[in-house]
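# Analysis of the macromolecular model
If you want the building blocks of each chain, they are given just below.
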Amino acid sequence: PWSVVESILTKGIRILAPVDGSENSMTALAYVTEGLMKVDKQSSVEVLHVFDEGKTYLPRQCQKAPLMSNCEALLTSSVPASRYSLEWREKKEDSTWHHICSVVSERPANYICMGWYGLKGKKEEQIELGSGKGSCKLSSNVFHVINQGKSFG
């Protein structure tokens, strides 16, 4: 309906950008901050990182504090502070995709922009969408977020 379109156009687009420090997730965040948000001056982004205190072996750019510094540097160089927020959540028992879906439930986003896969690479768990030239395969957290997202509609 027109009221939904009008609401998005007047309030701006709200984007959730989950990051893990991998090249894919940081590219997705840069796409949002250096591309989309420069065009739509009403848009905002919430950067989410789900961390596990036990994963001390991760590369420095994927660890909690350095990742926050990198994200803050990217955001402050691209958009005003009023247009972004950062949330770092401890993983605990829940999966990363569960945390992503929880944030969407708590603070609905128009879009989620995230890396295709994280530091560990592609996973076995996949779903194929479409067929032929326009088809694609979703894996890992992307699959779970889309699958869980069906209940948000």
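My aim in this report is to walk through the structure given alongside it, one point at a time. (Residues numbered from 1 in each chain as written. Predicted model: local features only at pLDDT ≥ 70, side-chain atom pairs only at ≥ 80, totals over all residues. Heavy atoms only, no water.)

## Brief notes about the environment of Val19
Applied cut-off: Segments assigned H or I by DSSP are reported as helices when at least four residues long, segments assigned E as strands when at least two residues long, and all are numbered from the N terminus. In this description, contact between two residues means that some pair of their heavy atoms is separated by no more than 4.5 Å.
With respect to the secondary-structure elements, Val19 resides in the loop between strand E1 (14–18) and helix H2 (23–39). The spatial distance from the C-alpha of Val19 to the C-alpha of Met114 is 6.9 Å, given a sequence separation of 95 residues. Discounting chain neighbours no more than four positions away, the residues touching Val19 are Ser25, Met26, Leu29, Val47, Leu48, His49, Leu67, Cys71 and Trp88.

## A word on the nonpolar core
One broad trend across soluble globular proteins is that nonpolar side chains are buried collectively. Selection criterion: In this text, buried Ala, Val, Leu, Ile, Met, Phe, Trp, Tyr and Cys residues form a nonpolar core when linked through side-chain atoms within 4.5 Å. Partly exposed residues are those whose accessible area sits between 20% and 50% of the maximum for their type, while under 20% is buried and over 50% is exposed, using a 1.4 Å probe and protein chains only.
Core analysis: the largest hydrophobic core is formed by 19 residues, its most contacted members being Val19, Leu29, Val45, Val47, Cys71 and Trp88. Contributions of two or more residues to this core are made by E1, H2, strand E2 (44–51), helix H3 (64–76) and strand E3 (84–90). Counting six residues, the second largest nonpolar core, distinct from the first, contains Leu16, Leu48, Val103 and Val104.

## Notes on the pairing of E1
The following threshold applies: For the handedness criterion, the strands are oriented away from the viewer, and a crossover whose path from the first strand over the helix to the second runs clockwise is classed as right-handed. Two strands make a pair as long as DSSP finds a minimum of two bridges between them.
With four of five residues buried, E1 is to be regarded as a mostly interior element. Handedness of the E1-H2-E2 crossover: right-handed. Relative to strand E4 (residues 111–112), E1 runs parallel, the two being bridged by two bridges. Considered in E4, the bridge of Ile15 is made with Tyr111.

## Here's the deal with the side chain of Arg89
Using the following cut-off: Here a polar contact is recorded for every N or O atom pair within 3.5 Å, except that within protein the pair must consist of a potential hydrogen donor and a potential acceptor, and residues adjacent in sequence are included only if both atoms are side-chain atoms.
By the secondary structure assignment, Arg89 is in strand E3. Engagement of the side chain of Arg89 in a polar contact is seen with the side chain of Glu87, the distance being 2.5 Å. Of the polar contacts made by the side chain of Arg89, one reaches the side chain of Glu106; its length is 2.6 Å.

Read these as geometric descriptors, not functional statements.
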